[in-house]
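# Structural overview for review
The primary structure of each chain is shown beneath.
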Amino acid sequence: MTGAAYQPSMLDLTVEEPSLGRMAGRLRRHPLTRGAWVDHLPGWVAGSDQVFDTLLRDVPWRAERRTMYDAEVDVPRLLCWYAAHRPLPHPLLAEARAALSRHYAPELGEPFVTAGMCLYRSGRDSVAWHGDTQGRSAHTDTMVAIVSFGSPRTLLLRPRGGGTSLRFPLGHGDLVVMGGSCQRTWEHAVPKTTRSAGPRVSVQFRPAGVA
């Protein structure tokens, strides 16, 4: 794997076993426009570097190619998809999915079931502006919960069609949840950076039928 050397979190060095923090009273909600919102909780996972090491080692990462403007190009990140009944590579991820399902049950009305994973190997890896609008999220309010492991990278959000961006630096066990109409009315991206950036893994939990 190329890129800058990974810098572990100083807070994680004193944690023997990874664990989840409390969400109630700690999540900060950012209301957006047109019925969209974002919840943010830095450092939700204590001992996140232990989970990160497992993800780097045990996830069967794959490279993909996609067609853009009549040409095939490399997707600038590695990917892995865990369907609803596929065991997750670390027990804390199953705990996180269950905790998110419990916390958001009154709003979401259904559990988070799938886990998509992206490995950003360096600052050259990225994801362009998009909304997760494959499936039900194209026409129905839903949620996508993202837990980050490894070196921080910036998640940008902006209104669909352009506008002022919001910035969320995510890494070392941080949690962000995009809800309401966010996938239809806003877009998000992880831009490339010329700054030294070590690897980061993004784990995205979604309800059934949302991709």
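In what follows, the accompanying structure is described. Each chain has its residues counted from 1, following the order in which its sequence is written. Under the rules for a predicted model, residues below a pLDDT of 70 receive no local features and side-chain atom pairs below 80 are neither given nor counted, while totals for whole chains, interfaces and linings still include all residues. Side-chain measures here rest on the full set of heavy atoms in the structure, leaving out hydrogens and waters.

With that settled, consider the nonpolar core. Where a protein is soluble and globular, its nonpolar side chains tend to be buried together. The term nonpolar core refers to a set of buried residues drawn from Ala, Val, Leu, Ile, Met, Phe, Trp, Tyr and Cys, joined through side-chain atoms within 4.5 Å. We call a residue buried when its accessible area falls under 20% of the maximum for its residue type, exposed when it is over 50%, and partly exposed in between, using a 1.4 Å probe and counting protein chains only. Trp44, Leu100, Phe149, Leu175 and Phe205 are the most contacted members of the largest nonpolar core, which totals 35 residues. In DSSP terms, a helix is any run of H or I states spanning at least four residues, a strand is any run of E spanning at least two, and both are numbered starting from the N terminus. At the level of elements, strand E3 (36-41), helix H1 (48-58), strand E7 (78-82), helix H2 (91-108), strand E8 (114-120), strand E10 (144-150), strand E13 (175-180) and strand E15 (200-206) are the ones that each hand at least two residues to this core. For this core, the leading source of residues is H2, giving seven residues. Not counting chain neighbours up to four residues away, the residues in contact with Leu100 comprise Met23, Trp44, Phe112, Ala145, Leu175, Val177 and Phe205. With 20 residues, the next largest nonpolar core counts Leu32, Ala36, Val75 and Leu157 among its residues. The contact criterion used is simple: two residues touch if any of their non-hydrogen atoms lie within 4.5 Å.

Here the focus is the sheet that holds strand E9 (residues 127-130). In any sheet, the strands associate via hydrogen bonds between backbone groups, in a parallel or an antiparallel arrangement. Pairing between strands is defined by DSSP: at least two bridges between them are needed. Spatially, four strands are ordered E9-E14-E11-E12 in an open sheet, and the strand pairing comes out antiparallel. Only two strands of the sheet have a single partner each, and these edge strands are E9 and strand E12 (166-170). The mean angle between the axes of side-by-side strands here comes to 15°, regardless of whether they run parallel or antiparallel. In this sheet, strand E14 (residues 186-190) lies alongside E9 in antiparallel orientation, the contact comprising two bridges. Bridge pairing in E14 places Val127 opposite Val190. Only C-alpha atoms enter the line fits that serve as axes; for helices the fit covers just the stretch in contact. Angles between N-to-C directions range over 0 to 180 degrees.

The rule is short: rings of Phe, Tyr and Trp, with Trp giving its six-membered ring, pair when the centres are within 6.5 Å, and they are stacked under 30 degrees, edge-to-face over 60, tilted in between. Within the structure shown, the criterion is met by two aromatic pairs. Where Trp37 meets Tyr104, the ring centres are 6.2 Å apart and the plane angle is 15°; that geometry is what we call stacked. Here the residue Trp37 occupies a position in strand E3, and Tyr104 occupies one in helix H2, the gap between them amounting to 67 residues. Judged by relative accessible area, Tyr104 falls into the buried class, the value being 1%. On the basis of an interplanar angle of 80° and a centroid distance of 6.5 Å, the ring pair of Tyr104 and Phe112 is categorised as edge-to-face. No difference in accessibility class separates Tyr104 from Phe112, as the two residues are buried. Ring pairing ties together the aromatic residues Trp37, Tyr104 and Phe112, which thus form one cluster. Only Lys NZ and Arg CZ are tested; either one counts as a charge over a ring when it is within 6 Å of the ring centre and within 35 degrees of the ring normal. The positively charged end of Arg29 is found above the aromatic ring belonging to Trp37, 3.5 Å away from the centroid.

Okay, the side chain of Arg200 next. Mapped onto the fold, Arg200 is located in strand E15. Asp174 provides the closest opposite charge to the buried, salt-bridge-free Arg200, at an N-O distance of 7.7 Å. Pairs of N or O atoms within 3.5 Å make up the polar contacts considered here, provided that, within protein, one atom can donate a hydrogen while the other can accept it, and that residues adjacent in sequence are counted only when both atoms are side-chain atoms. Within the local environment of Arg200, its side chain forms a polar contact with the side chain of Ser148, the two groups lying 2.8 Å apart. Among the polar contacts listed, one links the side chain of Arg200 to the backbone oxygen of Leu170, at a separation of 3.4 Å. Apart from residues lying up to four places away in sequence, Arg200 is in contact with Phe52, Cys118, Leu119, Tyr120, Ile146, Ser148, Phe149, Gly150, Ser151, Arg153, Leu170 and Val190. For the charge count, each Lys or Arg is scored as positive and each Asp or Glu as negative, with His and the chain ends excluded. A side-chain nitrogen of Lys or Arg and a carboxyl oxygen of Asp or Glu constitute a salt bridge if their distance falls within 4 Å.

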